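Commentary on secondary and tertiary structure
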2 protein chains.
Amino acid sequence: MSSRKDIHNSDIPILCQSCEARHKGICGALEPDQLVELARHTRQVRAKSGEELIGDTEEVKSYANVISGVVKLTKMLSDGRQQVIGLQFAPDFLGRPFAEESRLSAEAASGVNLCKIPKSALESMIKSSPELEHRLLMQTLKELDEARDWMVTLGRKTASEKVASFLYLIATHIDPTKNMDEVDSIKFDLPLTRVDIADFLGLTVETISRQLTKLRKDGVIEIENNRSFFVPSMERLEDRCG
Amino acid sequence: MSSRKDIHNSDIPILCQSCEARHKGICGALEPDQLVELARHTRQVRAKSGEELIGDTEEVKSYANVISGVVKLTKMLSDGRQQVIGLQFAPDFLGRPFAEESRLSAEAASGVNLCKIPKSALESMIKSSPELEHRLLMQTLKELDEARDWMVTLGRKTASEKVASFLYLIATHIDPTKNMDEVDSIKFDLPLTRVDIADFLGLTVETISRQLTKLRKDGVIEIENNRSFFVPSMERLEDRCG
DNA sequence: CGCGGATTTGAATAGTATCAATACAGGTGG
DNA sequence: CCACCTGTATTGATACTATTCAAATCCGCG
């Protein structure tokens, strides 16, 4: 719709011109002039793997768009048990709109590029652009769907099915440019350590390891260097997901 | 804000006048004249316990507000394993906005009163009322927060902590009129069978039963007639939630 | 090459599930 | 009003899955 206007690239901010998320996520809602307005407040930020992006019970001062990489969302029980409650890939929106403080932690799982925007700037733009709020609603609904799908995995799948489901999730999300309908075999690097995977699946590291070797011995996956995986047949992997 | 206008009750529809959800949930966003417009399409419906409200992969033709009672949301794996992914209490909104078909099942867990509105009617009202979409966003964010909290329960808590967490959830939500900050002991009827509880917690019926007797023997709860529970100290129950 | 963190493997244990039997509650009809 | 009947819940015995604790191996990197 608005892509025609973008032919005059001089109208839109330089940073946005080369941004993969330009037409997706939140930004897709914006006309060039709104984008200019937004870009006056945004700032591209790089974060190294392991860097904390948002702390639990921390006051939220800004939101962000994930431009590249993977962000890990976690919650902790008082005694230290941890649960990964979601992963965010480009071009997902990062942050809990309209909350005073965060009720979860966000950490860069891999190297990450973010486009940050101050809370106040975004919230005032929302007031003038219903379409922006609509995008936010769509993103939140998507995350809710994903959370509910994962609840089934956590509550009702076996360890082996859980690990297969995790690999399936990563394989289908790690490369936002790829159309998964056309792909049957795929190679990718895991953005998470075994500990993180365990915390995502509600299991222990040892169980993750054992199930991975089992999947490898069954020929469902090939493991090259601990982190780099190859799935010869996505169909066969899907069969293992329960 | 708009409550002053409601003094002239004749302005708002009779059904809405006595509706507990009038100032909450979605309806709270509406001015009297919008409420009149909305009420032209709504229809109050009663559903008996166990009645299916929305089927999986069913085309969604209407949304609803929960006026009273509890609605159970579930998903199933292909082999029949079931997971309850959420409970909805008054005045929650029921239905997945902007989806062609439902990806989950909804069932009346207790006797339920709903205020139904056709999909098309709500969606056209959204277009003219950004405040309505804002309410929808807030509701969705609330559900996302709840889903993520529950993921921690499913992934990282023991059977005993899960059951305590479930009882805590019910005790704090079953009566929308009660302010839980002021309450330390409470009596309530469970809206779910043991099977449903098991499906909510990712456990078996037998485990639920055993953990309930354990909580009873430890004096954390008193069970009267299978379904009717008494919690002498919410604080002590909370301590069991992990 | 050697160090430190991450991962894998092994053996023993604990926590839930499973299978089977019994008890209970609520509703029905004699 | 009671005896029965059915679905729901509890209890018991056993099996199995995943955890725990311990040790060995692998990997990236200075």
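The name recorded for chain A in an unreviewed UniProt entry is Crp/Fnr family transcriptional regulator, from Maritalea mediterranea.

Residue and element names in this part refer to chain A. Once the domains are mapped, chain A shows domain 1 (5-143) and domain 2 (157-239). Computed from C-alpha atoms alone, the centre-to-centre distance between domain 1 and domain 2 is 27 Å. At the junction of the two partners, domain 1 supplies 10 residues and domain 2 supplies 8 residues. For the side of domain 1 that touches domain 2, the secondary-structure elements that each account for two or more residues are strand 4 (70-76) and strand 5 (82-89). In terms of residues, the side of domain 1 that touches domain 2 owes the most to one element, strand 5, which gives 4 residues. Here the side of domain 1 that touches domain 2 is composed, by residue class, of 5 nonpolar, 4 polar and 1 charged.

Looking at DNA strand C, there are 19 residues lining it, with A:Arg194, A:Ser209, A:Thr213, B:Thr158 and B:Thr207 nearest. Looking at the surface near DNA strand C, the elements that each hand over two or more residues are helix 6 (194-201) and helix 7 (205-217) of chain A together with helix 7 (205-217) of chain B. For the surface near DNA strand C, the element with the highest residue contribution is helix 7 of chain A, accounting for 6 residues. Among the residues forming the surface near DNA strand C, the class breakdown is 6 nonpolar, 9 polar and 4 charged.

A separate point is the packing of helix 6 (residues 194-201) of chain B against helix 7 of chain B. All names here are of chain B. One can describe the packing of helix 6 onto helix 7 by two numbers: an axis separation of 8 Å at closest approach and a directional angle of 100°. The orientation of helix 6 relative to helix 7 falls into the category roughly perpendicular. In this structure, helix 6 contributes Arg 194, Val 195, Ile 197 and Ala 198 to the contact, and helix 7 contributes Val 205, Ile 208 and Ser 209. In the contact of helix 6 with helix 7, the residues fall into 5 nonpolar, 1 polar and 1 charged.

With that settled, the discussion passes to the sheet that holds strand 9 (residues 186-189) of chain A. All names here are of chain A. With antiparallel pairing, the 3 strands of this open sheet are ordered in space as 9-11-10. Each having just a single partner strand, strand 9 and strand 10 (222-223) make up the two edges of the open sheet. Pairing of strand 10 with strand 11 (residues 228-231) involves 2 bridges; the strand directions are antiparallel. Along strand 11, the bridge assignment pairs Glu 222 with Phe 230.

Taken together, 19 residues sit near DNA strand D, with A:Ala159, A:Thr207, B:Arg194, B:Ser209 and B:Thr213 positioned nearest. Taken together, the elements giving at least two residues each to the surface near DNA strand D come down to helix 5 (159-173) and helix 7 of chain A together with helix 6 and helix 7 of chain B. With 6 residues, helix 7 of chain B is the largest single contributor of residues to the surface near DNA strand D.

Attention now moves to the confidence of the model for chain A. Residues and elements named next belong to chain A. Taken residue by residue, chain A gives an average pLDDT of 91. The fraction at 70 or more is 96%. At the low end of the mean pLDDT range in chain A sits helix 1 (residues 14-17), at 82; at the high end sits helix 6, at 98. Counting contacts from residues 1-5, a segment whose pLDDT is below 50, to residues more than four positions away or on other chains yields 4 contacts.

Let us now look at the relation of the copies chain B and chain A. After a rotation of 180° and a shift along the axis of 0.0 Å, chain B superposes on chain A with an RMSD of 0.0 Å. Both chain copies can therefore be described as sitting about a two-fold axis. Mapped onto chain A, 100% of the interface residues of chain B are again interface residues, and the two copies thus contact each other with one and the same surface.

All names here are of chain A. Where helix 5 meets helix 6, the axes come as close as 10 Å, and the angle between the chain directions of the two elements is 110°. The angle between the axes of helix 5 and helix 6 places the two elements in the roughly perpendicular class. In terms of crossing hand, the pair formed by helix 5 and helix 6 is right-handed. Between helix 5 and helix 6, the residues in contact are Lys 162, Val 163 and Phe 166 and Ile 197, Phe 200 and Leu 201, respectively. Grouping the amino acids of the contact of helix 5 with helix 6 by side-chain chemistry returns 5 nonpolar, no polar and 1 charged.

Residue and element names in this part refer to chain B. Inspection of the secondary structure assignment puts Glu 51 in the loop between strand 1 (43-47) and strand 2 (52-54). A tally of 14 C-beta atoms within 10 Å means that Glu 51 is categorised as partly exposed. Those residues in contact with Glu 51 that lie beyond four places of it in its chain are Glu 107 and Ala 108.

Next up on the list: the UniProt feature "domain: HTH crp-type" (unreviewed entry) in chain A. Per the UniProt annotation, the sites labelled "domain: HTH crp-type" (unreviewed entry) are residues 157-235 of chain A. Annotated as residues 157-235 of chain A, this span is 48% helix and 13% strand, and its ends, taken at the C-alpha atoms, are 18 Å apart.

Now for the sheet that holds strand 1 (residues 43-47) of chain A. All names here are of chain A. In space, the 4 strands of this open sheet follow the order 1-8-3-6, with antiparallel pairing throughout. Of all strands in the sheet, those with a lone pairing partner are strand 1 and strand 6 (93-94), marking the two edges. Sheet topology note: the strand 3 (residues 62-68)/strand 8 (residues 112-118) ladder contains 6 bridges and is antiparallel. The partner of Ala 64 across the bridge, within strand 8, is Lys 116.

Here we come to unusual backbone geometry. All names here are of chain A. At the junction of Ala 90 and Pro 91, the peptide bond is cis and its omega measures out at 0° in the coordinates. Following the sequence through the fold, Pro 91 ends up in the loop between strand 5 and strand 6. With a phi angle near 65°, Phe 98 is a residue other than glycine that sits in the positive phi range. Although it is not a glycine, Asn 226 adopts a positive phi angle of roughly 70°. Tracing the sequence through the fold places Asn 226 in the loop between strand 10 and strand 11. By C-beta crowding, Asn 226 is classed as exposed, having 11 other C-beta atoms within 10 Å.

Cut-offs and rules
- Residues numbered from 1 in each chain as written.
- Chains lettered and ligands numbered in written order.
- Predicted model: local features only at pLDDT ≥ 70, side-chain atom pairs only at ≥ 80, totals over all residues.
- Domains from an automatic or database assignment.
- Contact = placed C-beta atoms within 7 Å.
- Helix = DSSP H or I, 4+ residues; strand = E, 2+ residues; numbered from the N terminus.
- Nonpolar A, V, L, I, M, F, W, Y, C, P; charged D, E, K, R; others polar.
- Near = placed C-beta within 6 Å.
- Axes fitted to C-alpha atoms, helices over the stretch in contact; angles between N-to-C directions.
- Parallel < 35°, antiparallel > 145°, perpendicular 65-115°, else oblique.
- Pairing = 2+ DSSP bridges.
- pLDDT = per-residue confidence, 0-100.
- Least-squares fit on C-alpha atoms with pLDDT ≥ 70 in both.
- Left-handed = near helix turned anticlockwise from the far one by under 90°.
- Buried ≥ 20, exposed ≤ 12 C-beta atoms within 10 Å, placed from the backbone.
- UniProt positions renumbered as here; feature names shortened; annotations may be inferred.

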